[in-house]
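One-letter residues, chain by chain:
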Amino acid sequence: MSNQDNERPAKTANQRGAARLAAVQALYQMDIGGTGVLEVVAEYEAHRLGQELDGDTYLKADASWFRSIVSGVVREQTRLDPLIGSALQDDWALSRLDSTVRAILRAGTFELLDRKDVPVPVIVTEYVEIAHAFFEEDEPKLVNAVLDRIAKQVRGEAKK
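Counting of residues starts from 1 at the beginning of each chain's written sequence and follows it residue by residue. Where totals are concerned, whole chains, interfaces and linings use all residues; where local detail is concerned, this predicted model gives features only for residues with pLDDT of at least 70, and gives and counts side-chain atom pairs only at 80 or more. To get the side-chain values, take all heavy atoms of the structure and skip hydrogens and water.

**Q** I'd love a proper account of the packing of helix 6 (residues 120-134) against helix 7 (residues 139-155), names of residues and values included.
**A** To get an axis, fit a line to the C-alpha atoms, keeping to the stretch in contact for a helix; angles then go from 0 to 180 degrees between the N-to-C directions. The numbering of helices and of strands both runs from the N terminus, where a helix is a DSSP run of H or I of at least 4 residues and a strand a run of E of at least 2. Between helix 6 and helix 7, the least distance of the axes is 9 Å, while the angle of their chain directions is 160°. In terms of their interaxial angle, helix 6 and helix 7 are classed as roughly antiparallel. Crossing hand, helix 6 versus helix 7: right-handed. Across the interface between the two elements, Val120, Ile123, Val124, Tyr127, Val128, Ala131 and His132 from helix 6 touch Pro140, Val143, Asn144, Leu147, Ala151 and Arg155 from helix 7. Across the contact of helix 6 with helix 7, the residue classes tally to 10 nonpolar, 2 polar and 1 charged. Angle categories are assigned with fixed cut-offs, so that under 35 degrees is roughly parallel, over 145 is roughly antiparallel, 65 to 115 is roughly perpendicular, and the rest are oblique. In this scheme the crossing of two helices becomes right-handed for a clockwise turn of the near helix relative to the far one and left-handed for an anticlockwise turn of less than a right angle. Contacts are assigned to residue pairs with any non-hydrogen atoms lying within 4.5 Å of each other. Three residue categories are used. Nonpolar comprises Ala, Val, Leu, Ile, Met, Phe, Trp, Tyr, Cys and Pro, charged comprises Asp, Glu, Lys and Arg, and polar comprises the others, including Gly.

**Q** Could you give an account of the environment of Thr125, with specific residues and numbers?
**A** For Thr125, the location among the structural elements is in helix 6. The class of Thr125 is partly exposed, set by a relative accessible area of 34%. Each C-alpha atom, one on Thr125 and one on Leu147, is 9.6 Å from the other, the two residues being 22 residues apart in sequence. Accessible area is worked out with a 1.4 Å probe on protein chains only. A residue is then buried under 20% of its type maximum, exposed over 50%, and partly exposed in between.

**Q** Please provide a residue-by-residue account of the packing of aromatic side chains, values included.
**A** Any two rings among Phe, Tyr and Trp, with Trp reduced to its six-membered ring, count as a pair given centres within 6.5 Å; such a pair is stacked if its planes are under 30 degrees apart, edge-to-face if over 60, and tilted if neither. Across all of its chains, the model carries 0 aromatic pairs by this definition. Here, a charge over a ring means that NZ of Lys or CZ of Arg falls within 6 Å of the ring centre while also lying within 35 degrees of the ring normal. Positioned above the aromatic ring of Trp65 is the side chain of Arg16, whose terminal nitrogen or guanidinium carbon lies 3.8 Å from the ring centre.

**Q** Can you break down the nonpolar core residue by residue, with the values?
**A** Core analysis: the biggest nonpolar cluster contains 45 residues, and Phe66, Val70, Leu105, Tyr127 and Val143 have the highest contact counts within it. Where this core is concerned, the elements lending two or more residues are helix 2 (12-33), helix 3 (37-47), helix 4 (63-87), helix 5 (99-114), helix 6 and helix 7. By residue number, the principal contributor to this core is helix 4, which donates 9 residues. Aside from chain neighbours lying at most four places away, what touches Leu105 is Ile84, Leu97, Val143, Val146 and Leu147. What is meant by a nonpolar core is a set of buried Ala, Val, Leu, Ile, Met, Phe, Trp, Tyr and Cys residues, joined one to another through side-chain atoms within 4.5 Å.

**Q** I'd like a description of the packing of helix 4 against helix 5, backed by residues and values.
**A** At their nearest, the axes of helix 4 and helix 5 sit 7 Å apart, and the two run at 95° to each other. It follows that helix 4 is roughly perpendicular to helix 5 by the angle criterion.

**Q** Explain helix 5 to me, using residue names and the numbers behind them.
**A** With 16 residues, helix 5 should cover 22 Å at 1.5 Å per step; its first-to-last C-alpha distance of 22 Å lies within 8% of that length. For helix 5, the buried fraction is high: 15 of the 16 residues fall into the buried class. Polar contact criterion, stated in full: a pair of N or O atoms within 3.5 Å, where within protein one must be able to donate a hydrogen and the other to accept it, and residues adjacent in sequence count only if both atoms are side-chain atoms. One side-chain oxygen at the N-terminal end of helix 5 lies 2.7 Å from the backbone nitrogen of Thr100; it belongs to Asp98. For a helix, the expected span equals 1.5 Å multiplied by the residue count minus one.

If you want it as structure tokens, here you go:
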């Protein structure tokens, strides 16, 4: 990244995208390490969002958006998981999915339910792009299909 890229202020949409990515990472960390929501949110806000950590610079993110997703997924998980499970193929259980995929689906489903102000195509596209950041094969297609099914169920509309 050139210095010129660093000098431009991040657009709000980019900050939301960075918040979504950070939320998926935080949810993954909580799932794998058993870290609590308050601890992980504090760690990300203090040391990761827009900061440098171990030589990597994290994108500037909308901290309130990040907080909303992480805390919302934790608060609503008993509502989110059955929705995700019903959108998976019959022979797949949510517990069989990779932890990162589970985090992506939970965050995306939370936004579909809770953020009616954000259009379905924006939510689905953002989380499919996050899946592409971690996976090359079938996972991004799975994320797209599952979030699209959930969107039709909870909002009555499909990604266009």
